[in-house]
Amino acid sequence: MYRLLFVVMIFILIGCGGEEQANRQEETIPKTNTEAQTDTEQETAPPLAGVDLMPLEVGNSWVYELAAMDTLTGELTVNKIDTFRVERDTVIDGETFYFISGMGLRGTLATNRDDGFWIMGPMGQPIMLAKFPGVDGEDFSMTVGPSVITNRLDKAGLEIEVPAGKFYCYKYSQVMGPMRRTTYNYFAPGLGLVKMETLGSPTGKPIMVGRLIDYAAQ
């Protein structure tokens, strides 16, 4: 169940185009029951282009701590560890895609293109998950099935602190689903997905947060 919620939060487009997701953090998040509660968001100079947003060499892995809101206390509590791992590559229509286990219920095919990070959608169509490089406020919205999904690069160049360290990140927002919830994803170019946040509706408060605690590159 927790894996399903995490997938809905970050990569709902993988499984179906019309479900809701959410994710956000402006300055800080509510305290959770862990030692690493020093997330900050500071504006910085945008990092240089020329690297992949999500490095996809076979063997790369990312480990996240997942925090969900306790319905009784209203606080975020870390109670799950999850791992993404690049398992193998495959060629589809002349383009190399990489299978990432842990991303989606059954894993996900993904690739980096000149304009950003793409995943294979539910109908076998590539979908841009994050535009890169880009400029602040750049829109890359799309229609998937019956859903209009509003995607935007909110900020190119933010310093984000998570348990794995401090990283310069691109901050992306996505609004979709019947409740029009918001998701925020933070990618560090050359390292990958650093943090994910889901906002509840209608409160607008974080109900789920995932933060990078370890990364291994091949």
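Residues numbered from 1 in each chain as written. Predicted model: local features only at pLDDT ≥ 70, side-chain atom pairs only at ≥ 80, totals over all residues. Heavy atoms only, no water.

### Some points on the confidence of the model for the chain
- Mean pLDDT over the chain works out to 80, with 77% of the residues at or above the 70 mark.
- Averaged pLDDT values for the elements of the chain fall to 40 in helix H1 (residues 2–15) and rise to 98 in strand E4 (residues 95–101).
- Counting interchain partners and residues more than four positions distant, the pLDDT-below-50 stretch residues 1–38 has 147 contacts. (pLDDT = per-residue confidence, 0-100. Helix = DSSP H or I, 4+ residues; strand = E, 2+ residues; numbered from the N terminus. Contact = heavy atoms within 4.5 Å.)

### Some points on the pairing of strand E14 (residues 206–216)
- Sheet analysis places strand E2 (residues 61–69) next to E14, joined by eight bridges and oriented antiparallel. Bridging across to E14, Ser61 finds its partner in Ala216.
- Alignment of strand E13 (residues 192–199) against E14, held across five bridges, turns out to be antiparallel. Following the sheet pairing, Lys195 is matched in E14 by Arg211. (Pairing = 2+ DSSP bridges.)

### With respect to the environment of Ile119
- Note on placement: Ile119 falls in strand E6 (residues 116–120).
- Classification of Ile119 by relative accessible area gives buried; the value is 0%.
- Ile119 sits 21 residues away from Tyr98 along the chain, and the two C-alpha atoms are 9.3 Å apart. (Buried < 20%, exposed > 50% of the residue type's maximum accessible area, 1.4 Å probe, protein only.)

### Considering the packing of aromatic side chains
- Scanning all chains against the criterion turns up seven aromatic pairs.
- A centroid spacing of 6.0 Å and a plane angle of 50° characterise the contact between Phe117 and Phe187, whose relative ring orientation is tilted. With a gap of 70 residues between them, Phe117 in strand E6 and Phe187 in strand E12 (residues 181–188) connect regions that are remote in the sequence. Here the two residues Phe117 and Phe187 agree in accessibility, since each one is buried. (Phe/Tyr/Trp six-rings, centres within 6.5 Å; stacked < 30°, edge-to-face > 60°.)

### A look at the pairing of E6
- Extensive coverage of E6 is indicated by the burial of five of its five residues.
- Summarising the sheet, strand E5 (residues 108–113) and E6 pair through four bridges and their orientation is antiparallel. Within E6, the residue paired with Asn112 across the bridge is Phe117.
- Where E5 folds back on E6, the antiparallel hairpin that results is connected by two residues.
- Pairing between E6 and strand E7 (residues 126–131): five bridges, direction antiparallel. If you follow Gly116 over to E7, its bridge partner there is Lys131.

### Side note on the side chain of Ser101
- Following the sequence through the fold, Ser101 ends up in strand E4.
- In terms of polar contacts, Ser101 uses its side chain to reach the side chain of Glu87, at 2.8 Å.
- Setting aside residues no more than four positions away along its own chain, Ser101 makes contact with Thr83, Phe84, Arg85, Glu87 and Gly107. (Polar contact = N/O pair within 3.5 Å; in protein donor to acceptor, adjacent residues only side chain to side chain.)

### Quick notes on the nonpolar core
- Met54, Tyr64, Phe84, Phe117, Tyr172, Phe187 and Val194 are the most contacted members of the largest nonpolar core, which has 43 residues in total.
- Element by element, the count of residues in this core is highest for strand E10 (residues 147–162), at six residues. (Core = buried A, V, L, I, M, F, W, Y, C linked by side-chain atoms within 4.5 Å.)

### Points about unusual backbone geometry
- With omega at -5°, the peptide bond leading from Phe132 into Pro133 counts as cis.
- Counting through the fold element by element, Pro133 comes out in the loop between E7 and strand E8 (138–139).
- Positive phi values are uncommon outside glycine, yet Asp93 reaches one of about 50°.
- Mapped onto the elements, Asp93 comes out in the loop between strand E3 (76–92) and E4.

### Some remarks on the environment of Glu138
- Mapped onto the elements of the fold, Glu138 is located in strand E8.
- A sequence separation of 16 residues divides Glu138 from Asp154, and the C-alpha atoms of the two residues are 7.3 Å apart.
- If near-sequence neighbours (up to four positions away) are discounted, Glu138 is found in contact with Lys131, Asn151, Arg152 and Leu153.
- Within the local environment of Glu138, its side chain forms a polar contact with the backbone nitrogen of Val135, the two atoms lying 3.0 Å apart.

### Some remarks on the pattern of salt bridges
- As enumerated under the stated definition, the model contains five salt bridges in all.
- For Arg113, the salt bridge goes to Glu95, with nearest N and O atoms at 2.8 Å. On the criterion of sequence distance, the pair formed by Arg113 in strand E5 and Glu95 in strand E4 is long-range, its members being 18 residues apart.
- Here Lys131 makes a salt bridge to Glu138, at a shortest N to O gap of 3.7 Å.
- Residue class for Lys131 comes out buried when judged on its relative accessible area of 16%. (Salt bridge = Lys/Arg side-chain N within 4 Å of Asp/Glu carboxyl O.)

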